[in-house]
Amino acid sequence: MVESPLRIILFILLVSVASVWVHVYLYRRLFRDTSTSRAWRATGKVLLTALCVPLLLSWVVTRIIPSAFIVAVFAWTWMGVAVYLLLFLVLLGAVRWLVARTRGHRGVAAPLATPAPDPAAPPSLADLAVTVPPAHSHVPPVDEERRRFLARATAGGAVLAAGGLTGYGMWSAFHPPVVNEIAVRLPGLPRALDGFTLVHMSDIHVGPVIQRRFMDELVRRANALKPDLVAITGDLVDGTVADLRHSVAALQNLQARAGTHFITGNHEYYWNASTWADALTGLGINVLRNRHVTIGDAGGAFDLVGVDDWSMRSGPRGYNLDAALQGRQPDRAAVLLAHQPSNWDVAAKAGMGLQLSGHTHGGQFFPFTVAVSAIWKHDAGLFQDGDKHLYVSRGTGFWGPPLRVAAPSEIVKVTLLA
């Protein structure tokens, strides 16, 4: 069903609280703990506030003022940097704490160990005096200079490590997607179509950052695979038709004898899905909105079924598998295009031998890769249940932070086997 306003408000509140906490933590570790200078600490407060506030406002502002999207990209990039700073500060801080605990001191050199008394020797007056509990136990004073030096070393190490990983992630995000090739046996596929190939792209997110140059390279790589059909499973755009028409028009250059087919993702609804459906149709792309088409001829055919996004399934125009299957010959082989990997079990029982999806991005960058694998049963890659298959793409572009770490973007070539 469509997300309720209450759930959206709670989600925004939770994310906002987490974001503020992270920025407070970063201030303490990077500025407060590293210097007693009031100017340095004041600079930290101003800087981190200036970075936090746009991040908190970005989700709402981009939907009210679309032109602010490019500014939001910088805020989201900082979000990625902040996540890595947090991880490395915690990691290095934990190492520092373990070393200090092992050595038995708090910011100072460990006290010299007192030699163990000889059990054979008679106790001396000094030995007897030691056994008497002192009136006030003495705790060694903390060496503030040493503590500040370690804080600076930890902060510096975290900044260098986060900067290096962020740099790699940005390079990976803008690097052309890898090509993954899989072969899937499609139940009921005629022998005449054995070896039929599809190129699957998803979650390209054309917008202020991903533009025509990126799209031209995608088209070149897709055409090099010589596909029989191209399938784009949603989240193609992040912007209006007026702003992005030129970049998206690169898709006209895709070459596949069975054409290029598109379904909506959740992001199309942010930017008027119906308007985008009309624009793509005008570019010669077949938009499947809860309907199916037959691919092939009398010598052999299968059905290509397309549904709107799952998140809008209770809206006036959203996911409707029943409508998409209406009038279909149930014994004919079928491939389902569905943006989200949700409802695969139901689709498989309805005769969909293969479902192609995206949406998850495979987490896009660590540590969100771990979170996505915990949240989604089918997070990325190929899954099989009996003779039915599901492939979840990691996405062909990126969204939010221009980062790809441990989840490279991909173009997928699928070969159908009879």
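The coordinates are above.
Predicted, not measured: the structure shown is a model, and the values here were computed from it.

(A) Seen up close, the packing of aromatic side chains. Applying the stated criterion across every chain yields a total of 12 aromatic pairs. When the ring of Y84 is compared with that of F365, the centres are 6.1 Å apart and the planes differ by 65°; the resulting orientation is edge-to-face. Placement of Y84 in helix 3 (residues 69–103) and of F365 in the loop between strand 9 (354–357) and helix 12 (368–375) is noted, with a sequence separation of 281 residues between them. An identical accessibility class is assigned to Y84 and F365; each is buried. Aromatic pair F196 and F302: ring centres 5.2 Å apart, planes at 80°, arrangement edge-to-face. Taken together, the positions of F196 in strand 2 (residues 196–201) and F302 in strand 7 (residues 300–306) put the pair 106 residues apart, joining distant regions of the chain.

(B) Summary view of the environment of S393. Relative to the helices and strands, S393 is located in the loop between strand 11 (388–392) and strand 12 (410–417). Separated by 37 residues in the primary sequence, S393 and L356 have C-alpha atoms spaced 7.8 Å apart. If sequence neighbours within four positions are ignored, S393 has contacts with H200, S202, S357, G358, T360, H361 and E410. One polar contact links the side chain of S393 to the main-chain amide nitrogen of G395, over a distance of 2.9 Å.

(C) Quick look at a nonpolar patch on the surface. Residues I8, W59, V60, I64 and I65 make up a contiguous nonpolar surface patch of roughly 440 Å² in combined accessible area. Examining the composition of the nonpolar patch, we find that 3 residues originate from one element, helix 2 (residues 38–64), more than from any other. Tracing the backbone shows I8 in helix 1 (residues 5–32). On the accessibility criterion, I8 (34% relative accessible area) is partly exposed.

(D) Here's a closer look at the side chain of D379. On the secondary structure map, D379 appears in the loop between helix 12 and strand 10 (381–385). Summary of buried charges: D379 has no salt-bridge partner, and the nearest side chain of opposite charge, R394, is 9.3 Å away. Residue contacts for D379: discarding those within four places in its chain leaves T360, G362, V372, S373 and V392.

(E) Just the pattern of salt bridges, in detail. For the structure on display, the rule yields 13 salt bridges. Where R32 meets D33, a salt bridge forms, and the shortest distance between an N and an O atom there is 3.1 Å. Judged by relative accessible area, which is 34%, R32 ranks as partly exposed. Two residues, E410 and R394, come together in a salt bridge whose shortest N-O distance is 3.8 Å.

(F) Highlighting the nonpolar core. Counting residues in each nonpolar core, the largest one holds 40 residues, and the members touching the most others are M201, L236, V248, W276 and L280. If you list the elements that add at least two residues to this core, you get helix 3, strand 2, helix 6 (212–224), strand 3 (229–233), helix 7 (241–248) and helix 9 (273–282). Contacts of V248, omitting those with residues within four sequence positions, involve V206, L236, V237, W276, L280 and L283. Among the nonpolar cores identified, the runner-up in size contains 26 residues, and L229, V335, L356 and Y391 belong to it.

(G) Main features of unusual backbone geometry. Residue P367 follows F366 across a cis peptide bond; omega there is 15°. Summarising the element assignment, P367 is placed in the loop between strand 9 and helix 12. Not every positive phi belongs to a glycine, and D235 is a case in point at roughly 50°. Here the phi dihedral of Q364 falls at roughly 70°; this positive angle occurs in a residue that is not glycine.

(H) Just the sheet that holds strand 1 (residues 178–185), in detail. If you walk across this open sheet you meet the 6 strands as 1-12-2-3-4-5, and the pairing is mixed. Only two strands of the sheet have a single partner each, and these edge strands are strand 1 and strand 5 (286–287). Bridge analysis of strand 2 against strand 3 gives 4 bridges, and the strand direction is parallel. Looking at strand 3, one finds that M201 is bridged to I232.

(I) Highlighting the pairing of strand 6 (residues 291–297). Note: strand 6 against strand 7, 7 bridges, orientation antiparallel. Pairing of R291 across the sheet is with G306, part of strand 7. What sits between strand 6 and strand 7 in their antiparallel hairpin is a turn of 2 residues.

(J) Fine view of helix 7. Those residues of helix 7 that sit buried are V241, L244, S247 and V248. For helix 7, the angular spread of buried residues about the axis comes to 125°, placing them on one side. The outward face of helix 7, more than 90 degrees from its buried face, is lined by the exposed residues A242 and H246. Summarising the contacts, the buried residues of helix 7 are in contact with helix 6 and helix 9.

(K) Region of the structure containing the sheet that holds strand 8 (residues 334–337). Taken in spatial order, the 6 strands of this open sheet run 6-7-8-9-11-10, and their pairing is mixed. One side of each edge strand has no neighbouring strand; the edge strands of this open sheet are strand 6 and strand 10. This sheet shows a mean twist of 20° between the axes of neighbouring strands, independent of strand direction. Relative to strand 11, strand 9 runs parallel, the two sharing 4 bridges.

The rules we used
Residues take numbers from 1 onward in each chain, read along the sequence in its written order. Given that the model is predicted, a residue must reach a pLDDT of at least 70 before its local features are reported, and side-chain atom pairs must reach 80 or more before they are shown or counted; all residues, however, enter totals for whole chains, interfaces and linings. Excluding hydrogens and water, the side-chain values take into account all heavy atoms of the structure. Each Phe, Tyr or Trp ring (for Trp, its six-membered ring) is paired with any other whose centre lies within 6.5 Å, and the angle between the two planes then decides the class: stacked below 30 degrees, edge-to-face above 60, tilted in between. Runs of E in the DSSP output that reach at least two residues are strands. Runs of H or I that reach at least four are helices, and both are numbered from the N terminus. We call a residue buried when its accessible area falls under 20% of the maximum for its residue type, exposed when it is over 50%, and partly exposed in between, using a 1.4 Å probe and counting protein chains only. Residues are treated as being in contact if the distance between any of their heavy atoms lies within 4.5 Å. Polar contacts, as counted here, are pairs of nitrogen or oxygen atoms within 3.5 Å of one another; within protein the pair requires one atom able to donate a hydrogen and one able to accept it, and residues that are adjacent in sequence qualify only if both atoms are side-chain atoms. Every patch collects residues that have over 30% relative accessible area and no salt bridge, joining them within 9 Å if they carry like charges and within 5 Å if they are nonpolar side chains (Val, Leu, Ile, Met, Phe, Trp, Tyr). Using a 1.4 Å probe, the Shrake-Rupley method yields the accessible areas, and only the shown protein chains count as cover for residues. Here, a salt bridge means any side-chain nitrogen of Lys or Arg that lies within 4 Å of a carboxyl oxygen of Asp or Glu. The charge count treats Lys and Arg as positive and Asp and Glu as negative. His and the chain ends do not count. Grouping buried Ala, Val, Leu, Ile, Met, Phe, Trp, Tyr and Cys residues that are joined through side-chain atoms within 4.5 Å yields what is termed a nonpolar core. For two strands to count as paired, DSSP must find a minimum of two bridges between them. Starting at the helix axis, one direction is taken to each C-beta atom, and the arc is that of these directions. Geometry is summarised by axes, namely lines fitted to C-alpha atoms with helices restricted to the contacting stretch, and by angles between N-to-C directions that run from 0 to 180 degrees.

Read these as layout, nothing more, since geometry by itself doesn't imply function.
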